[in-house]
Amino acid sequence: MTSHNSQTSELNGRASSNKAVRRIGLVSVCSGVMVLIGWVFDIRYLESVIPNLVAMKINTAFCFILIGCALVIKTRQHSKFADWAYYVLLLLVCSIGGITLLEYQFNFDAHIDQLFAAEDQAINFLTPFPGRMAYNTAVSFLLLSIGLLGLSTKPNKFLIFFQCLLHVVTLVSGVAIIGYIYRVTSLYSFSYASPMAVHTAIVLFLLSAAGSLLNPELGLTKLFKGQGIGNAMARRHFSSLMLVLVVFGSLRSHSKFFDVMLPQFGISWLAISLLITSFIMIWKTANWLNKIDQQRTKAEEEIKTINATLEIKVEERSAKLRELYLELQKSEERYHSLFEHASDAIYVLNTEGDFMDVNDSVCQMTGYSRQELLGMNITSLLNDELLENYPLIYTAIEPGRSAIVERKIITRGGEILDVEINVKRFADQRILVIARDITRRKQMEAELRMAELKFRTLAEKSMVGIYIVQQGRFVYVNPRFAEIFGYQAEELIGAFAIEKVVHEEQRKMVDEMIRLRKEKLVEGVHYEMKGKKKDGSVNWVEFYGTMSFYQQEPMLIGSVIDITDRKRAEEELKMSEQKYRMLFESNPLPLWIVAKDDLTVIAANAAAAKLYGYTPEELLHMDIKKLRPAAHWEKLTKHYHTDFKEAFNFGIFEHLKKGGTRIMVSIIAQDIMFEGRFARLSSTNDVTEKLMAEESLKISEANLQTILNNTDTAYALLNADLDVLEYNNKALIFARNEFSFDPAGRVSFIDLMPPERRLKFISYTAEVFQGNTISYEASYPQADDSNLWYAIRMFPIADKGNKILGLVLAINDITEQKEAEQDLQKAYQSIQLHIGKIQAMAWEQSHLIRSPLANLKALFPMLKMSAEDAEVGSHIEFELERMDDILLKMAEGASITESEKTVDPNG
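The structure contained in this document is the topic of the report that follows. Given the structure is predicted, the values throughout are model-derived calculations rather than measurements.

**Details of the pairing of strand β16 (residues 714-719)**
Regular strands have side chains that alternate between both faces of the sheet.
Phase 1: Strand direction decides the pairing type here: β16 and strand β20 (residues 804-813), joined by six bridges, are antiparallel. Bridging from a neighbouring strand, Ala-716 pairs with Leu-809 of β20.
Phase 2: Summarising the sheet, β16 and strand β17 (residues 724-727) pair through three bridges and their orientation is antiparallel. Each residue of the ladder has a partner; that of Ala-716, found in β17, is Tyr-727.
Phase 3: Hairpin connection, β16 to β17: the antiparallel pair is bridged by four residues, and Leu-722 has positive phi, about 65 degrees.

**Examining the nonpolar core**
Phase 1: If you look at the biggest cluster of nonpolar residues, it comprises 47 residues, and the most contacted ones within it are Phe-64, Ile-67, Leu-71, Phe-141, Leu-144, Leu-148 and Leu-207.
Phase 2: At the level of elements, α1 (2-40), α3 (58-76), α4 (80-106), α5 (135-152), α6 (159-182) and α7 (198-213) are the ones that each hand at least two residues to this core.
Phase 3: Considering each element in turn, this core owes the most residues, nine residues, to α5.
Phase 4: Setting aside chain neighbours within four positions, we find Leu-71 in contact with Val-21, Gly-25, Leu-148, Leu-207, Ala-210 and Leu-214.

**Some thoughts on the pairing of strand β2 (residues 355-358)**
Phase 1: By the bridge criterion, three bridges tie strand β1 (residues 345-349) to β2 in an arrangement that is antiparallel. Paired with Val-348 across the strands is Asp-357, a residue of β2.
Phase 2: The turn linking β1 back onto β2 is made up of five residues, and Gly-353 within it adopts a positive phi angle of 90 degrees.

**A word on the sheet that holds β20**
Phase 1: Read from one edge of the open sheet, five strands run β17-β16-β20-β19-β18, paired in antiparallel fashion. With one partner strand each, in any of the chains shown, β17 and β18 (774-781) form the two edges of the open sheet. For this sheet, the mean angle separating the axes of adjacent strands, direction not counted, is 25 degrees.
Phase 2: Against the sheet, helix α25 (residues 755-768) touches β16, β18, β19 (787-798) and β20, its axis set at about 165 degrees to β18.

**Observations concerning a negative patch on the surface**
Phase 1: A cluster of acidic residues, Asp-712, Asp-813, Glu-816, Glu-819 and Asp-823, forms a negative patch at the surface.
Phase 2: It is helix α26 (residues 815-859) that provides the largest number of residues to the negative patch, a total of three residues.
Phase 3: Following the sequence through the fold, Asp-712 ends up in the loop between α23 (688-710) and β16.
Phase 4: A relative accessible area of 60% means that Asp-712 is categorised as exposed.

**A closer look at the side chain of His-655**
Phase 1: By the element assignment, His-655 lies in strand β13 (residues 648-656).
Phase 2: Taking relative accessible area as the criterion, His-655 reaches 3% and is therefore assigned buried.
Phase 3: A polar contact of 2.6 Å, which involves the side chain of His-655, links it to the side chain of Tyr-612.

**A short note on the pattern of salt bridges**
Phase 1: Throughout the structure, instances matching the rule amount to 22 salt bridges.
Phase 2: The shortest N-O distance in the salt bridge between Arg-677 and Asp-598 comes to 3.4 Å. One end of the pair, Arg-677, is in strand β15 (residues 677-686); the other, Asp-598, is in the loop between β11 (591-595) and β12 (601-604), with 79 residues separating them in the sequence.
Phase 3: Judged by relative accessible area, which is 38%, Asp-598 ranks as partly exposed.
Phase 4: The network of salt bridges with shared partners includes Glu-528, Glu-542, Arg-566 and Lys-567.

Rules used in this analysis
- Residues numbered from 1 in each chain as written.
- Predicted model: local features only at pLDDT ≥ 70, side-chain atom pairs only at ≥ 80, totals over all residues.
- Heavy atoms only, no water.
- Pairing = 2+ DSSP bridges.
- Helix = DSSP H or I, 4+ residues; strand = E, 2+ residues; numbered from the N terminus.
- Core = buried A, V, L, I, M, F, W, Y, C linked by side-chain atoms within 4.5 Å.
- Buried < 20%, exposed > 50% of the residue type's maximum accessible area, 1.4 Å probe, protein only.
- Contact = heavy atoms within 4.5 Å.
- Axes fitted to C-alpha atoms, helices over the stretch in contact; angles between N-to-C directions.
- Patch = residues over 30% accessible without salt bridge, like charges linked within 9 Å, V, L, I, M, F, W, Y side chains within 5 Å.
- Areas by Shrake-Rupley, 256 points an atom, 1.4 Å probe, with all protein chains shown as cover.
- Salt bridge = Lys/Arg side-chain N within 4 Å of Asp/Glu carboxyl O.
- Lys, Arg positive; Asp, Glu negative; His and termini not counted.
- Charge placed at Lys NZ, Arg CZ, Asp CG, Glu CD.
- Polar contact = N/O pair within 3.5 Å; in protein donor to acceptor, adjacent residues only side chain to side chain.

Nothing here speaks to function; it is all geometry.
Below, the structure written as structure tokens:
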């Protein structure tokens with residue numbers, strides 16, 4: 001009992017230690033995360049906790065996170081992955097600490113100090129590497145990680161050494177904490193390195209203590225974790241001493257804030273405090289030991305009283321036991337009589353499984369003698385496999401309870417028996433077992449299950465419908481049978497077979513088939529018929545059936561296959577054959593099928609015969625080589641020895657017609673299976689005229705291209721997006737000269753236009769895409785201050801549906817024409833000027849001449865002429881009038897010209 005309590009106490013203590021280690025690990029992770037946040041977001045309070053004190057470095061915070069996670073994993077997970085994670089995390093910490101020590105020792109920078117954030121201020125002039133953790137911090141991380149790794153490797157003869165490494169870390173961090181409390185810099189800092197931060201020292205102290213708790217039976221940890229009185233005294237005294245040191249140090253470091261003591265009296269106060277603390281500890285220890293002594297004395301008195309009472313009760317109960325013993329002897333005799341003569345195997349076990357008693361039936365069942373069995377354990381009749389598959393249950397049964405189970409045992413001869421056991425556990429921890437050999441029953445059950453399983457597997461999973469009909473009704477159908485007719489199996493069982501699944505047209509035939517089987521005229525039947533599905537639709541099924549008997553009643557049993565798809569496929573195949581034969585025969589393209597083994601034509605349509613000038617009968621069984629020039633036969637044979645499972649365009653070949661005429665054909669072929677032979681289906685298209693037309697078209701295109709490239713007109717073809725699709729050399733020269741267009745560049749010539757020309761051009765193209773033709777003239781200034789004139793025409797390009805696809809741009813150089821027009825205009829103006837001068841002179845001369853003429857006209861009537869001269873005088877008068885009219889018209893013409901010149905001097 002004492003050992004059990006000790007084990008329980010030890011387990012509870014270990015669970016408590018694991019919980020403490022886990023919490024310290026979480027504190028370490030949280031501390032590291034908070035410091036990392038402080039560095040990332042420049043929160044100084046999170047970096048140093050206490051203002052104006054040393055900040056924790058980033059690598060230090062990262063190591064705290066790694067060690068904290070390792071301790072949490074160590075106390076929670078128990079798997080191979082968790083162990084690997086634990087080792088990897090500690091190795092990372094060990095690497096960081098070791099590299100930092102090497103940096104201090106050899107004064108170099110390994111570039112690990114500022115991986116996460118930059119620190120501007122250097123540590124000191126000897127080691128100008130900011131962000132590096134303190135020297136004693138690096139030592140502590142190295143020792144801590146090595147100690148934890150060493151304590152995790154088992155078996156290990158150096159456990160105490162690794163535990164001591166953790167104690168060294170505790171000592172280093174504890175000294176640093178005392179240095180901060182008493183403000184002694186040398187305790188937490190070396191002269192050549194940065195100091196350890198106060199929260200770094202606290203977390204290291206906690207982590208080293210937590211690591212030692214993983215093995216509390218080693219080192220100094222055993223002193224404080226033991227269960228003895230000395231261990232309890234160590235815990236009490238150490239905690240008191242630590243409290244005194246902390247309180248005194250705090251008072252001393254803050255004495256300038258409390259006018260209680262002066263710094264020079266610090267040692268005196270320390271001595272007084274230690275004296276008072278020692279007195280208090282002695283007083284508390286004395287009281288504690290006195291209390292334990294009083295409890296011990298009280299317990300001894302109680303034990304004496306209990307012993308006296310027990311002696312009296314023992315005497316009283318001894319008398320009753322003697323009476324019960326006599327009755328027990330009589331009942332035991334009756335029990336042994338029943339026990340020995342029972343047909344079932346009966347045996348008694350203790351809680352360890354040892355045989356305490358067995359009857360003859362047990363010996364007969366197992367093949368062992370009674371003496372052999374009484375020296376054996378129940379596990380001797382079992383092996384590891386049986387123990388795993390059939391675990392012992394007697395230890396789990398409560399006293400007074402019983403249980404019936406089946407299990408297997410091994411006889412002396414190695415035979416495995418199936419037994420049914422009835423187990424009952426008595427209050428005195430004896431276990432009574434009644435066993436019955438059920439091996440034969442198990443074999444029969446297994447055979448029955450196997451037979452049923454085979455039938456179920458065959459029937460339920462079969463792709464064939466299975467049915468059993470008795471007295472005209474379904475007594476069994478499998479799921480596939482029900483599925484064929486659109487039912488669930490439960491809907492058909494108990495229903496009349498013929499009415500449910502047989503079409504009305506087929507019922508007479510089915511009745512006849514049933515009669516033949518019942519009268520034993522045939523052993524089995526096989527027929528196809530129309531079925532009726534649940535929704536009234538018709539399907540086709542194939543029946544196989546035979547006659548049997550069950551419980552002296554005739555029984556029809558058989559199978560059904562749904563052949564609806566097959567029937568439909570057969571019909572579709574017939575239709576398909578007709579369609580494809582009609583398509584083959586009436587196809588306007590020449591088609592033939594050539595056997596791949598001997599290269600003979602085994603089928604050809606009328607178009608093929610017509611193309612080559614043969615009759616269909618002549619083409620049939622012809623060697624395909626006769627249609628090719630002899631020079632191509634080797635290549636032809638090679639092609640036919642190559643498999644082409646999919647349609648393949650072989651290209652254009654030269655073929656021979658019946659009269660020897662050569663034609664060019666395009667061949668597309670595919671390998672098929674035709675009438676049980678590997679064959680090639682070929683489609684031949686006569687492209688002779690097409691090739692001639694293409695050659696002619698190429699010549700035409702070349703001629704047109706020559707004309708376009710040698711014409712004086714620049715042509716360009718643009719699409720709907722105004723992208724240039726085609727252009728001639730003249731257009732390229734125009735674009736280069738006027739827009740500095742580079743055909744190799746990616747800039748459109750429209751983008752090279754001046755803005756005012758671009759807008760006008762786009763507006764013209766918009767009208768063209770409306771279906772209009774645009775013509776206009778434009779001048780382009782040159783470097784020599786001259787102008788080049790172009791006549792520009794744009795007209796749309798449309799498809800047959802009048803959809804405008806693009807436009808054609810035609811540009812002619814009309815500079816010479818424009819210059820000629822300008823010269824003509826200048827000449828016309830010069831002529832007009834000379835005409836004006838002539839008319840002015842004519843006007844002046846007409847007035848000068850008309851004056852004497854007027855005088856003559858006035859004097860002529862005064863002349864007296866004879867009759868003979870009258871006719872001459874009339875003629876003279878007429879001519880004078882006519883001359884006056886001419887001079888008057890000349891004057892009027894000159895006057896009109898002068899007036900016109902006055903109105904429009906530019907003519």
